Structures are given as C-alpha cells and as structure tokens.
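Residues per chain, in single letters:
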Amino acid sequence: MVKRTLTDKLAILADAAKYDASCASSGGQRRNSKDGKGLGSAGGSGICHAYTPDGRCISLLKILMTNFCIYDCAYCVNRASSRAERARFTVEEVTRLTIEFYRRNYIEGLFLSSGIIRSPDDTMADMVRIARTLREQENFRGYIHLKTIPDASPELIAEAGIWADRLSINVELPTETALSQLAPEKSARTIRSAMADVKTRREASRERSHRGTRPRAFAPAGQSTQMIVGADAATDGQILGNAASLYGDFRLRRVYYSAFSPIPDASRLLPLKRPPLIREHRLYQADWLMRFYGFEAQEIAPQGGMLDLEIDPKLAWALAHREMFPVDVNRAPRELLLRVPGFGTRSVDRIIAARRHRSLRYEDLLRIGCVLRNAQPFITLPGWSPRALTDSADLRARFAPPPEQLSLF
Amino acid sequence: MRVISLPRIGTVPAWRRHARALAAEGVPPGAVLWQLDAPEGAPSDLFAGAPAPEPPAPPVTLTLPREAVSAIETALHHSDPERFARTYGIVLRLARGDLRWGDRSDPALHRLLAQEKAVRRDIHKMHAFVRFREIGTPEAPRRTFAAWFEPDHPIVEPASSFFAKRFGDMDWIIATPTLTARFVSGTLSFEETRDTAPPAPDATEALWRTYFTHIFNPARLMVSAMTSEMPRKYWKNLPEADLIPEMIRTAPERAMGMIEAAPTVPPKRAEKLRRGNV
Ligand code: SF4
C-alpha cells in the first residue's frame, strides 16, 4: 500500500468520524494552565470554534484512530464489507494534530473513536495510550472524549476514565432486534453492562473515603450515547422510552440522536434516502422536555406513536391537553408554567422572580423573553385573555406551517 | 458641567472610581459629561474643575448586589457612547432604592441588560473565532503565536483572561482595531494597536482546512443553521471560511451521488469474515 500523508489520513479519518453527532465539550473538571506548565483549560461551557455548512458545531477534533474494522455493522461506513479507503493514525500523529489544532484555538480538545482492529482490547489500549500521552507527555489540560469499545476489558475502561473527561458507548440502535440484525457482532447486553460499569466507577470516584480523601476523578464530564434514527422501524415512542431508561439507569449526561444518513458505499440492508432531519430535530426537542421541563417519555409520545413533524412536541402536548389551559401566569406553579408553549426555563424563572414583587401584565412577558405568539392561547393575566382561542377547533392550523416549507434540504 | 475623560485601557475600573466619587459628592447624572480619550491624544482636561451648574443632590454610597456589579461592568464594554451616562443614572437609582435590580419594565435597565447580553455574545464569539498563527519557531521553549480579530465592541480586556488561562505555556498577541492584548512569559498586558496587518498563515492551517472540509456531511446541508452561529462578518478572519461556498455548491450533487449509487456487493474480505477466518 502507498504510504499515506498526514493530510490523506486526516481526510479519511475525519470522513469516517462525521456520523457521530456529539461534539460537546462542556462540564467536568475545572482546569487551566495559568501556571505556565501545560496547555489548555476545561470545565466551563464548551465553545463551538467553527460551523460547517451542515449547521453542526466543531468543538472537538473528531476523528477515528483507524477506520479498519473487523465488525460489519450495516449502517456504518467503516464496516468490514465497505469499500471505503482505510487509514490508521499513529499515537504521535493524533497527539500532534490535537496539540497543534488546540494551540491555534481551532478546538476544545479531542473526540477519539475507532474501528476495531485485531481485538477490542488492542484497540482500546491504543486509544488509552493516546489519551495518556496527551495528558502525561504534553501536559494537555483541554477536553478529551473517548468512545469506548463495549467489549474491552474493565481495566482498560478504568484507565480510559482517568485520562478522559467523557466516555461514551453508543447503543447504536433503538431496539435490540435491530441491533442484532444490523450489528451482528454487538450485543445490547454488553453495551448496557459497559455503561453500568462506567456509572459505578463514576460514583465510586466521587465518594470520599472515611479519611476524607477523594479518589481520582473518573470521566468527570459524564457519559453519553448515540442512537441512530431511521435505519430501522423503531417508533419515536420506543426511542424516547429507551432514552428515558438510559438517563435513569446509567445517569447519562446526554443521549444523541443521529438521523441515518446515506453513506458512501452503503449496505443493501438499509434505506438509501435523505436523512430524516426534522424527525431528529423533534427528538432532540422531546429529549429536552424530558430533561428540563418535567415531561415523561410517555406523555410526549406513546410507545407505538410518532412525534408530530409539523409542530414542536411541547405545543403538540398543549394542543392535546386544552383542559389544562389557560394558565394564570401570576398564580400557576412552576411545573405548570413550564408546560406553556413559548415559555422557556429561563422565562419561567424570571416570571417567578418578578411576580414576587408585583403582579405581571401581558406587556411584561415580552421583555421577559417569552414567545408570545405561541403562548397566547394558553395563558391569562392582566392585559390578556385568550377567550375562545384556547378551545378553538382550528388552533393547530395557527401553528402548523404550510407543508411545502417542511423540507430542509 | 463636569467632564469625565476615561482612558481607553482600563476604561471600566476608571468609570467605577469616578462614579463612586461623583455619587459621594451627590452629583446628579445630568451634570456629568462622560467621554472616552481620543486614540493617541492626551486626556482632555479642558473642563476639569468647572463648577457643576446643578445644585448637588444628597450624597450616595454605591452599594449594589454582586450580580448587578458584574452585569454592569460587562455592559460597560458595549460600544454605545451613551453607556457611561446611562449606567451612572442607573447605579444612583439602584443605590437609593428607586430601582430594583432585574426589573425589566424599566427602559434604562432593560437597555443595559440587552447590552450586557450583546457584549457577552461578542466575548463568546471572540473566544470561539480567534485563530492563532505561529510567528516564532516551533522548537522554542515558549512558542509564539499571533492573531488579528475584529470584535463588535471594545472587549479585548474582559475577553483576554480566558486566553491567558488556556494558553498558559505559550506567548501570544491578539490585535484588534483598537487595542492589542499581549501575553509574554505569563504576564498579560494591553496597549494601543500599532500593527493592523493580520499575521501570515502557518503550515498547520492547511491541515485544519482539510479537517473542516471532511468533517462536513453533504447529506445534511443546512446553511442557515451555520450562518446564524457563524455570521458572515467573521468569515474574513477565519482561515477555513473561504472553503464554504464550494462546500455548499457541491453538497447536493455529492448527497445525490451517495443516494443514487447502487448498494455495493461486499468485497471478498467480508465473505471471509462471515465464514469466521480473519
Ligand atoms: S464496530 Fe461497527 S460501528 Fe464501529 S466502526 Fe466497526 S463497523 Fe463501524
């Protein structure tokens, strides 16, 4: 094989990494290099250093260590049976790219994943070596996210969590059936037990011993996962139900949803069509409602149900529960205010702070930052009453866009 | 009329000192003219010492909630020339209890909070979009980098501590059309910008451009989502931005290509794998 240049490798291994949606770099341990003995800082809210024309943020150098892979996951551009070009970085190459990009303020750190070469343990050991080199040799204090290989040995996962801020293990597909069909070498059980292992180690690392000493931090920015949407027949209800159980069982920081996207050299097993971007967007909105607005998965989409693509899930819920509205903005408890379309968490906090001093009027809501067009049918307060609007039959039409605006392509 | 001239470096702490002294004397907001020093000129002291025409109000000690202090100081980095006068009026009213911090129904406070938000966004974008280029030798014990950046507001001072914390083991300069931040051997300082020429591209930039092109998924083209976060006004100082038009132009064709390409027959290697002898 011809020897590839660093540029060739970077092109191939970035191409191979772009289907992972996560690029987050927030949270975790606070670090900086004010002492002049290292490079980097972390622990604030992550920064997006650039945006590509797909609207995605570039926060991390997101690459595969190698895209050679002995597994054959049908949805993946790197599967053994794909004819994609292959390349492999050395430890030094990944280290150099990370450090040089970081010094120029292009990135917050590294998100490293890999195809599986030789064995899961060999692969994981190489990834851990990269993270350790960055930390120990380069004194790198920026962000590191390692995508762990579920079948790797617990000792390697344990070491990975010491060098990395975040660990992730992708559940890949929303149902076990789809996983066994499309990713024959992977097992849902192994994936879940690897997540449980990370969770246990994280908890242990945060407990003080009886002498009050703290053990070393373990993946301080938490763990996350990704589910591919649209490659199998799973409903939104199943997807959200699965996400809710992942949040609950493993204390995941984030679940990412990735619309299945056509890939070069696609497998015959999969739908070759445009990625369902709007569906993906609605799933993120629904996920947000579960995490910050007190909604249960089942309330947003029943097990067999799909999300409304035309309107956002909060509005859809409000339209289906008109008996709860209109809400008295000056009296309603926080939980109920959070259910009002057009009221974000920050607006709700401001409403609650302001109404302690005086009764709020309709005009105040605009300054507070509420989206009044969405809120109008669902609220009442001095200066505004929705009258018959709340129950009017054509209320949905007021929000649903004409169908031709729906294409994002 | 009192004329208060504020220096271009250390503007906000100077404003704070003056505001405290004026309040203690009971000088009403209408009796102060705030101005910023001219770029290279000496501070104008033409009116200093002229008597205030309005009778002084009762003296006020400026004690404010901590949250208010930080928001006010941030907002004072806005480019609005009225900000010094408006903020002086606001702090007097806050200290006398005539205004409640956080009351957005007050137009002046509402304006201040909006400006605070604009400044915070500008600082955030500076943290994101500054691009360093190496101007020293890579072998030096402390490497040296430089950047040229054009913020909307005079934010170099509050934005720079972030870079000092992050790039502690290298020397760097960030020049903007007004001030330049300089970090040498761990010490941060500010000066008037003398050199307005952006530094020359370095070799790593080509690798970054390769990465930028290849991390993009043409099947998900969404230009407005990009431009809302990375507005065109920043593009001229971003080494990757001139690639964008071509990436957009060829995306639909590349995406259709992937969809139309017939699913492929697995090569021999996969067959072997399936039989279990790798
Ligand atoms: S294990 Fe599966 S998903 Fe991961 S790189 Fe290999 S083929 Fe792709």
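Residues numbered from 1 in each chain as written. Chains lettered and ligands numbered in written order. Predicted model: local features only at pLDDT ≥ 70, side-chain atom pairs only at ≥ 80, totals over all residues. Heavy atoms only, no water.

## Structural notes on the sheet that holds strand 5 (residues 171–175) of chain B
- Taken together, the 5 strands give an open sheet; going across it, the order is 3-4-5-6-7 (chain B), and neighbouring strands pair in mixed fashion. In this open sheet, the two strands that pair with only one neighbour each are strand 3 (133–134) and strand 7 (187–192) of chain B. (Pairing = 2+ DSSP bridges. Helix = DSSP H or I, 4+ residues; strand = E, 2+ residues; numbered from the N terminus.)

## Section: the confidence of the model for chain B
All names here are of chain B.
- The share of residues in chain B with pLDDT of 70 or more is 88%, and the mean pLDDT across the chain is 89.
- Long-range and interchain partners of residues 45–49, a stretch whose pLDDT sits below 50, account for 1 contact in this model, where long-range means more than four residues apart.
- As a predicted assembly, this complex carries a pTM of 0.89 together with an ipTM value of 0.90. (pLDDT = per-residue confidence, 0-100. Contact = heavy atoms within 4.5 Å.)

## A look at the sheet that holds strand 4 (residues 109–113) of chain A
Residues and elements named next belong to chain A.
- The strand order across the open sheet built from 6 strands is 3-4-5-6-7-8, with neighbouring strands paired in parallel fashion. The outermost strands of the open sheet, each flanked by one partner alone, are strand 3 (60–64) and strand 8 (254–259). Adjacent strand axes in the sheet meet at a mean angle of 20° when their direction is disregarded.
- Looking at chain direction, strand 6 (residues 166–168) and strand 7 (residues 223–229) are connected through 2 bridges and run parallel. Its bridge partner lying in strand 7, serine 168 is registered against serine 224. (Axes fitted to C-alpha atoms, helices over the stretch in contact; angles between N-to-C directions.)

## Observations concerning the domain arrangement of chain A
All names here are of chain A.
- If you check the domain split of chain A, you get domain 1 (6–25 + 43–206 + 215–304) and domain 2 (313–399).
- The centre of domain 1, based on its C-alpha atoms, is set 38 Å off from the matching centre of domain 2.
- Between domain 1 and domain 2, the contact holds 10 residues from the first and 8 residues from the second.
- For the domain 1 and domain 2 pair, buried surface summed over both sides reaches about 770 Å², with 66% attributable to carbon and sulfur atoms.
- For the domain 1 face of the interface with domain 2, the top three residues by lost area are Tyr293, Phe295 and Glu299, together amounting to 65%.
- One can count 1 salt bridge joining domain 1 with domain 2.
- Glutamate 299 is the partner of arginine 339 in a salt bridge, and the nearest nitrogen-oxygen pair spans 2.8 Å. (Domains from an automatic or database assignment. Buried area = accessible area lost by both parts, 1.4 Å probe. Salt bridge = Lys/Arg side-chain N within 4 Å of Asp/Glu carboxyl O.)

## Quick notes on unusual backbone geometry
Residue and element names in this part refer to chain A.
- Looking along the chain, the bond that leaves phenylalanine 325 and enters proline 326 is cis, with omega of 0°.
- Checked against the element boundaries, proline 326 lands in the loop between helix 10 (313–320) and strand 9 (327–328).
- Even without being glycine, arginine 118 reaches a positive phi, approximately 50°.
- With respect to the helices and strands, the residue arginine 118 is situated in the loop between strand 4 and helix 3 (120–137).
- Phi at arginine 387 is positive, roughly 45°, even though this residue is not glycine.
- Turning to its location among the elements, arginine 387 is positioned in the loop between strand 10 (379–380) and helix 15 (395–399).

## Overview of the domain arrangement of chain B
All names here are of chain B.
- Considered domain by domain, chain B is made up of domain 1 (2–124), domain 2 (130–192) and domain 3 (205–261).
- The C-alpha-based centres of domain 1 and domain 2 are spaced at 29 Å.
- Residue-level contacts link 14 residues of domain 1 with 13 residues of domain 2.
- Here domain 1 and domain 2 share an interface that buries about 1,100 Å² over both sides, 57% of which is from carbon and sulfur atoms.
- When the buried surface of domain 1 facing domain 2 is broken down by residue, Ile9, His77 and Asp122 rank first, second and third, together holding 48% of it.
- Linking domain 1 to domain 2 there are 1 salt bridge.
- Across the pair arginine 8 and glutamate 192 runs a salt bridge whose closest N-O atoms are separated by 2.8 Å.
- In this assembly, domain 1 and domain 2 are joined by 5 residue pairs in polar contact (both at pLDDT 80 or more).
- Per-class residue counts for the side of domain 1 that touches domain 2 are 5 nonpolar, 5 polar and 4 charged. (Polar contact = N/O pair within 3.5 Å; in protein donor to acceptor, adjacent residues only side chain to side chain. Nonpolar A, V, L, I, M, F, W, Y, C, P; charged D, E, K, R; others polar.)

## A word on the site of the ligand
- Around the ligand, the neighbouring residues are Cys69(A), Tyr71(A), Cys73(A), Cys76(A), Arg79(A), Gly115(A), Ile116(A) and Lys186(A).
- Here the residues of the shell around the ligand sort into 5 nonpolar, 1 polar and 2 charged. (Near = heavy atom within 4 Å.)

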